[in-house]
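Summary of structural features
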Amino acid sequence: MIYLVQPPLVQLNAPYPSIYYLRSFLEKNGYSCIVSDHSIALFERIFCRQGTETLFADARRAFGKTPGAAAENPYARYNIERFLSESEQWTAVIDRLVNFLRGKDREFAHLLTQANGVIPGGPRYDSCLEAADGQPGPDSAPVLASRLLADLADFITVALDPSFSLVRYAEHLSASVRDFSQVTAGLDSYILNTFYRPFLQEEWRNLEKKLPGGEGQFLLGATIPFPGCLAGALVCAESAKEYFGDRVCTAAGGGYVNTELRSLEEDRFFDYFDYLCFDRGYGSLRAVLDRRAAGGDTDKPLYKTMYRPHGHRSIVRDQAIENSACEKPREEPSESYAEADRDSVKTIFPDYTGIDFSRYIYPVDDANPMHRLWSDGHWLKAYLAHGCYWHACAFCDVQLDYIRGYSPADPEALFAHLKDQAEKTGVRGVHLVDEAAPAASLVRLAELNRAAGLPLEFWGNIRFEKAFTPDTAALLAAGGLIGVSAGIEVASEQGFKRIGKGITLREVVRACAAFKEAGILTHAYLIYGYWDEQEEEIIDSAETMRQLFSQGLLDSAFWHKFVLTRHSRIYAEWKRGRHGDLAVTGDSAAPGEPKLFANNDLRFEGEEQYDKFTAPLDALLSAWMNGDTETPVDRAFPFKVPAPSVPADTVTELLDAYARDRDQERAEFPADGGQRLIFLGSSPMMRPSRGGARLFWRWRLADHEVTVTADRAAALKLLLEKVSRNPSDDPQGFMQELREIIGAAALPELWNTLRNGGLALY
Ligand code: SF4
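Residues numbered from 1 in each chain as written. Predicted model: local features only at pLDDT ≥ 70, side-chain atom pairs only at ≥ 80, totals over all residues. Heavy atoms only, no water.

1. Regarding helix α19 (residues 439–451)
Taking 1.5 Å as the rise per residue, α19 with 13 residues should run 18 Å; its terminal C-alpha atoms sit 18 Å apart, in good agreement. Counting buried positions over the 13 residues of α19 gives ten, a clear majority of the element. Turning to α19, its buried residues are A439, S441, L442, V443, L445, A446, E447, L448, N449 and R450. Against α18 (411–425), β13 (429–432), β14 (457–462), α20 (470–478), β21 (677–679) and α27 (710–725) lie the buried residues of α19. Just downstream of α19 lies G453, where phi reads positive at about 90°. (Helix = DSSP H or I, 4+ residues; strand = E, 2+ residues; numbered from the N terminus. Expected span 1.5 Å × (residues − 1). Buried < 20%, exposed > 50% of the residue type's maximum accessible area, 1.4 Å probe, protein only. Contact = heavy atoms within 4.5 Å.)

What follows is the structure, encoded as structure tokens:
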């Protein structure tokens, strides 16, 4: 038996997909699995009547005894006292608040938006009320409820446990922390001790009843996707070992393991987890299970696995994890494990069957419609491809399998699976968690979804590139695509080149314009503080972004400060002697330093010079997203910056060129071969008209029509219906039929009407 766990804390709106992928894989291989999301379970433990009673009683005691830093900070002191004073209101209301955020108890919206002091509050709630002049309408209730929950989480952080936040735990103790002692010291904390460890004891008692004869052995597999799950994962493994002793074997994998722990030297980590599984995890996990089934604890390397043999202090690592020397040759049939990794992308899809989605909440962190997608939905999460087909951007982890090991899933099989999952779970939205979903797979997914009558809607990460034409975007929208996010990074031609983004500003504008015309939300990721970036480039990038927002081409964006990582192309090139100006610091452990634990993020000289840009760039984004795109960008900086060198009409000109090209392309007849054609308008309706018949349909909220003879209208209606549900691979044949219906002379005008009324060529 295998117990798969998502340790706390990750996002609370939907199950994180890893353990559901693993469950599918393991069950296909004949293992029985139990999946358990400790993230949502811990949330439920804390944010309920009993949980808040405990919180307030403990906070009252702690504050009375040692007010600590809070006593010196009047603002913190006031807020703690405010929460303690309103503690009864909090405990009275918390269950309703959480249920409301789950999409239940709609009546609570009216109580919540009375704003008369019956409901307790906090600083975030106050500012939301203030923005509504103290009179929010019931439609504001989801935002108010989300703010209230965040206020209570802040109270926990300030009064009881500084490591706590709603969607991560002790992240500062885990990201690229070289000394494992810092992490273990953080495990003795309020939330983990008061809520998580007692939950685990109950979980183990229940689990024990499910073990064969109550005493069988089992494997606990934990996924650690982010640093904010590491503390929870360690406590989970420690508690399971204390409870079950030799009956449990523990293994961990996931994004954090893949990026941060590849060079792990700290053998104390294996007091918690017996095995670390790398990359896709399927092959490694199977190698672990085979080893256990064979009853052997040897000291031979296991496929993409790290472990510490029983009674040893040294770690055995497979050479495939890193290019470090492999201590001993593998004994396993490693090709079959590699095959499991390779084939999994084609055959393994996440199985959410039996998961109670009603436990998850819909927090509304932001009114921005694109931002809301991240949290305001119970999405089924899946990917169209493992890895990124581009895998060339200089800052990205392109040395690692999760980026470099590109392998697309079969869109047909994935669609059939997701449709089935939607029927079983009642969740119809899909979040494609790709690094950059391939355009061809997205198109196929949209075709299938549209042909099946739109059982799904979906959104996810892409690359802004030329494959996203106006017609492709139109088909994607008609097939259920609602939003895309993609990296622009440094919005300048020079920046694209240096980063190796492989796109041009023209392509970005064209892709964004196509998505916006199709009514698809767009989000851009940006980077500032790239290691050799000049101030001029940051300002030019900001100016280009201002113009993109000003033209309505983006709905939202986010600026990340550049982080140099060990698995990036830049670092690999630096190691080979390139980038003489880049001075990486602390690349290897100094003598006397503790054994290495996590080490993905690297420092470099001069990186702090970019810190001053953080607040002004965030302020600019906020202004643009709220509609102020006219203020010159340099005014946002409280220090002297160069004026942008980007002409103020750069994006407008590219947009004009886009419109010209689009209109010209629509006027052209299909080229020979290689294109598909589909009619995306509504079902054409025929009505007698003077001298013939009027054929009428709707597309993109507008009316479209042609008036021809009754016979021609009937034939045209049939032809459009034929290419409406399913695309045609023979646009030339379609043209021929059209020509026969209307005649060669009238063809260009009819073609123009159809192309501007939903007939797409892609
Ligand atoms: S940044 Fe995005 S597009 Fe570039 S290599 Fe990484 S995943 Fe691919």
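2. What to know about unusual backbone geometry
Cis geometry is found at the peptide bond from P8 to L9, where omega equals 0°. With respect to the secondary-structure elements, L9 resides in the loop between β1 (2–6) and α1 (18–28). The phi dihedral of D133 falls on the positive side, at around 50°, and the residue is not glycine. Residue placement: D133 occurs in the loop between α8 (123–131) and α9 (141–159). Overall, D133 belongs to the exposed group, its relative accessible area being 68%.

3. So, the nonpolar core
Residues F47, L220, F269, F464, I488, F515 and M545 are the most contacted members of the largest nonpolar core, which totals 229 residues. Counting residues per element, this core draws most heavily on α9, which supplies eleven residues. Looking at which domains feed residues into this core, each of domain 1 (366–562 + 606–658) and domain 2 (670–761) gives three or more. Dropping the residues within four chain positions of it, M545 is found in contact with I488, A491, A524, L526, L554, A557, W559 and W624. Judged by nonpolar contacts, the second largest core, of 17 residues, contains I527, F562, W574 and V584. (Core = buried A, V, L, I, M, F, W, Y, C linked by side-chain atoms within 4.5 Å. Domains from an automatic or database assignment.)

4. Observations regarding the site of the ligand
In the vicinity of the ligand, the residues found are C388, H391, A392, C393, F395, C396, E435, R463 and K501. For the shell around the ligand, the class distribution of residues is five nonpolar, one polar and three charged. (Near = heavy atom within 4 Å. Nonpolar A, V, L, I, M, F, W, Y, C, P; charged D, E, K, R; others polar.)

5. Some thoughts on the packing of aromatic side chains
Applying the stated criterion to the full structure yields 40 aromatic pairs. With a centroid separation of 5.7 Å and 75° between ring planes, the pair formed by F679 and W697 is classed as edge-to-face. Taken together, the residues span a long stretch of sequence, with F679 in strand β21 and W697 in strand β23 (residues 692–699) at a distance of 18 residues. Residue classification places F679 among the buried residues on the basis of a relative accessible area of 0%. The exposure class of W697 is buried, given its relative accessible area of 0%. Clustering of aromatic rings is evident, with ring pairs tying together F180, F269, F270, Y272, F273 and F597. Against the face of W390 rests R463, its NZ or CZ located 4.0 Å from the ring centre. The lysine or arginine in question, K612, covers the ring of F639, its NZ or CZ lying 4.6 Å from the ring centre. (Phe/Tyr/Trp six-rings, centres within 6.5 Å; stacked < 30°, edge-to-face > 60°. Lys NZ or Arg CZ within 6 Å of the ring centre and 35° of its normal.)

6. Concerning the sheet that holds strand β22 (residues 685–689)
The strands making up a sheet associate through backbone hydrogen bonding, with each pair oriented either parallel or antiparallel. Strand order in the open sheet formed by three strands is β22-β23-β24, and the pairing between neighbours is antiparallel. The sheet terminates laterally at β22 and β24 (702–708), the two strands that pair on one side only. Shown here is a sheet whose adjacent strand axes are inclined to one another by a mean of 30°, direction ignored. Of the pairings in the sheet, the one linking β22 to β23 comprises five bridges and is antiparallel in character. Counterpart to M685 in the pairing with β23 is F696. Packed onto the sheet, α27 meets β22, β23 and β24 and runs at close to 30° relative to β23. (Pairing = 2+ DSSP bridges. Axes fitted to C-alpha atoms, helices over the stretch in contact; angles between N-to-C directions.)

7. Observations regarding the side chain of D179
Along the chain, the position of D179 falls in the loop between β4 (168–169) and α10 (180–185). Put simply, D179 is tucked away with no salt bridge, and the nearest opposite charge, on R268, sits 4.3 Å away. The residues contacting D179, other than those within four sequence positions of it, are R268, P594 and F597. (Lys, Arg positive; Asp, Glu negative; His and termini not counted. Salt bridge = Lys/Arg side-chain N within 4 Å of Asp/Glu carboxyl O.)

8. A word on the environment of D179
Sequence separation between D179 and N599 is 420 residues, and the spatial gap between their C-alpha atoms is 9.8 Å. A polar side-chain atom of D179 sits 2.9 Å from the main-chain amide nitrogen of S181. (Polar contact = N/O pair within 3.5 Å; in protein donor to acceptor, adjacent residues only side chain to side chain.)

9. Examining the UniProt feature "domain: Radical SAM core" (unreviewed entry) in the chain
Per the UniProt annotation, the sites labelled "domain: Radical SAM core" (unreviewed entry) are residues 374–593. Between the C-alpha atoms that bound residues 374–593 there is a distance of 40 Å. The span itself is 39% helix and 20% strand. (UniProt positions renumbered as here; feature names shortened; annotations may be inferred.)

10. Focus: the sheet that holds strand β17 (residues 556–561)
Pairing is parallel in the open sheet, where six strands are placed in the order β10-β13-β14-β15-β16-β17. Each edge of the open sheet carries a strand with a single partner, namely β10 (380–382) and β17. Going across the sheet, the axis of each strand differs from the next one's by a mean of 15°, ignoring polarity. Pairing between strand β16 (residues 521–528) and β17: six bridges, direction parallel. By the bridge assignment for β17, Y525 is matched with F558. Each of β15 (481–489), β16 and β17 is contacted by helix α23 (residues 535–550), which is oriented at about 165° to β17, the strand it contacts most. Against the sheet, helix α25 (residues 614–625) contacts β16 and β17, and its axis sits at roughly 175° relative to β17.

11. Topic: helix α11 (residues 190–210)
Spanning 21 residues, α11 covers 30 Å between terminal C-alpha atoms, matching the ideal 30 Å at 1.5 Å per step. Bending of α11 peaks at approximately 35° at the position of Y196, with proline P198 no more than four residues after it. The set of residues buried in α11 consists of Y190, I191, L192, F195, Y196, F199, L200, E203, W204 and L207. (Bend = angle between axes of the 7 residues up to and from the residue.)

12. Overview of the domain arrangement of the chain
You can read the domains of the chain as domain 1 (366–562 + 606–658) and domain 2 (670–761). Inter-centroid distance (C-alpha atoms) of domain 1 to domain 2 is 34 Å. Between domain 1 and domain 2, roughly 910 Å² of surface is buried when both sides are summed, and carbon and sulfur atoms account for 44% of that area. When the area that domain 1 buries against domain 2 is broken down by residue, the three leading residues are E447, R450 and D471, summing to 55%. Our enumeration of links across domain 1 and domain 2 arrives at two salt bridges. With a shortest N-O distance of 2.9 Å, R676 and E447 are connected by a salt bridge. (Buried area = accessible area lost by both parts, 1.4 Å probe.)

13. Here's the deal with the pairing of β24
As judged from the seven bridges shared by β23 and β24, these two strands associate in the antiparallel manner. The residue of β24 that forms the bridge with W697 is H704.

14. Focus on the pattern of salt bridges
Should their charged atoms come close, side chains of opposite charge can pair. In the structure shown here, the tally under the stated rule is 55 salt bridges. In this structure, the salt-bridge partner of R45 is E202, at a minimum N-O distance of 2.7 Å. Within this pair, whereas R45 is found in helix α2 (residues 38–46), its partner E202 is found in helix α11, the two being separated by 157 residues in sequence. With relative accessibility at 26%, the residue R45 sits in the partly exposed group. Assessed through its relative accessible area of 36%, E202 is described here as partly exposed. For R372, the salt bridge is made with D376, and the minimal N-O distance between the two is 2.9 Å. Residue classification places R372 among the partly exposed residues on the basis of a relative accessible area of 26%. Here the residues in one salt-bridge network are D267, D271, R308, R313 and K595, joined through shared partners.

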